[in-house]
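Descriptive analysis of the structure
So the chains spell out like this:
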Amino acid sequence: MFKITLCLLLFSSMHLFSDAHESPSTNRVLQFENKYVKVWKTLIMPNQPLSMHRHNSSRVIVPLKGGTLQVIEQNGREHDLEFREGSALWLEKDPPNQLHADINRNSYPIEVMVIEVKSE
């Protein structure tokens, strides 16, 4: 019985240890929302592409940890967005039916606050 209990303890502690050391992933966390704006914090990890999507509203981006984001449009065109820490950036809503993907090609995460305008 002691051996079984010891094995279970070791297994559960190994599981907890491995979870604590998983690498972070790209994510978006809602910070605030009202009838005028929606605000979220986004962490964009290196080489974890964001799938094709579109932005239906204009938004302000405030970089907390800057970097260059590669934007790949559905039609194959590419351009870079430069995020400089502490410098806000205005981005218009995307044209109708236009999708794009984003890739952080830096060796470090990009972290931004996004303030999406709801009343357009």
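See the structure shown above.
Treat the numbers as computed from the prediction; the structure is a model and nothing was measured.

Parameters at a glance
Residue positions are given per chain, counted from 1 along the sequence in the order it is written. Two thresholds apply to this predicted model, a pLDDT of at least 70 for residue-level local features and 80 or more for giving and counting side-chain atom pairs, whereas whole-chain, interface and lining totals are computed over all residues. Calculation of side-chain values draws on the structure's entire complement of heavy atoms; hydrogens and water are dropped beforehand. Numbering of helices and strands starts at the N terminus; helices are DSSP runs of H or I of at least 4 residues and strands are runs of E of at least 2. Whenever a nitrogen or oxygen atom comes within 3.5 Å of another N or O atom, the pair is scored as a polar contact, on the condition that within protein one atom can donate a hydrogen and the other can accept it, and that pairs from neighbouring residues in sequence are kept only if both atoms are in side chains. Contacts are assigned to residue pairs with any non-hydrogen atoms lying within 4.5 Å of each other. In this scheme Phe, Tyr and Trp rings, the latter by its six-membered ring, pair at centre separations within 6.5 Å, and the angle between planes marks the pair as stacked below 30 degrees, edge-to-face above 60, and tilted otherwise. Charge-over-ring contacts are defined here by two conditions on Lys NZ or Arg CZ: a distance within 6 Å of the ring centre and an angle within 35 degrees of the ring normal. The criterion for strand pairing is that DSSP finds at least two bridges linking the strands in question. Axis definition: a line fit to C-alpha positions, over the contact stretch in the case of helices; interaxial angles, taken between N-to-C directions, run 0 to 180 degrees. Buried means the residue's accessible area, taken with a 1.4 Å probe over protein chains only, is under 20% of the maximum for its type, while exposed means over 50%, and partly exposed covers the values in between. Put simply, buried Ala, Val, Leu, Ile, Met, Phe, Trp, Tyr and Cys residues joined by side-chain atoms within 4.5 Å make one nonpolar core.

A few words on the side chain of D94. Within the secondary structure, D94 is located in the loop between β7 (89–91) and β8 (100–104). A distance of 2.7 Å separates a polar atom in the side chain of D94 from the backbone nitrogen of H55. A polar contact of 3.4 Å, which involves the side chain of D94, links it to the side chain of H100. If sequence neighbours within four positions are ignored, D94 has contacts with R54, H55, R59 and H100.

The next thing to look at is the packing of aromatic side chains. Throughout the structure, instances matching the rule amount to zero aromatic pairs. Directly above the ring of W40 sits R28, whose terminal nitrogen or CZ lies 4.2 Å from the centroid.

Let us look at the sheet that holds strand β6 (residues 78–83). Spatial strand order, β3-β8-β5-β6: four strands in an open sheet with antiparallel pairing. One side of each edge strand has no neighbouring strand; the edge strands of this open sheet are β3 (50–53) and β6. In this sheet, neighbouring strand axes are inclined to one another by 25° on average, regardless of whether the strands run parallel or antiparallel. Pairing analysis gives five bridges linking strand β5 (residues 67–73) to β8, with the strands arranged antiparallel.

Summarising burial for strand β9 (residues 110–117): six of the eight residues are buried, a large majority. Judged from the eight bridges that link them, strand β2 (residues 37–44) and β9 form a sheet pairing that is antiparallel. The residue of β9 that forms the bridge with L43 is E111. As paired elements, strand β4 (residues 59–65) and β9 share six bridges and run antiparallel to each other. What sits directly across from I61, in β9, is V114.

What holds strands together in a sheet is hydrogen bonding between their backbones, with the strands either parallel or antiparallel. The five strands lie next to each other as β1-β2-β9-β4-β7, forming an open sheet whose pairing is antiparallel. Where the open sheet ends on each side, the last strands, each with one partner, are β1 (27–33) and β7. The average angle at which neighbouring strand axes cross in this sheet is 25°, direction not considered. Two elements, β4 and β7, share three bridges in a ladder whose sense is antiparallel. In the strand pairing of β7, R59 is matched with L91.

So, on to the nonpolar core. W40, I44, I61, L69, V71, L81, F83, L91, I110, V112 and V114 together form the largest nonpolar core, which totals 11 residues. Listing elements by their share of this core, those giving two or more residues are β2, β5, β6 and β9. Examining the composition of this core, we find that three residues originate from one element, β9, more than from any other. Discounting chain neighbours no more than four positions away, the residues touching V114 are K38, V39, W40, T42, R59, V60 and I61.

On to the pairing of β1. Bridge count for β1 against β2 is six bridges, and the pairing is antiparallel. For L30, the partnering residue across the bridge sits in β2 and is W40. Connecting β1 to the next strand, β2, in antiparallel fashion are three residues.

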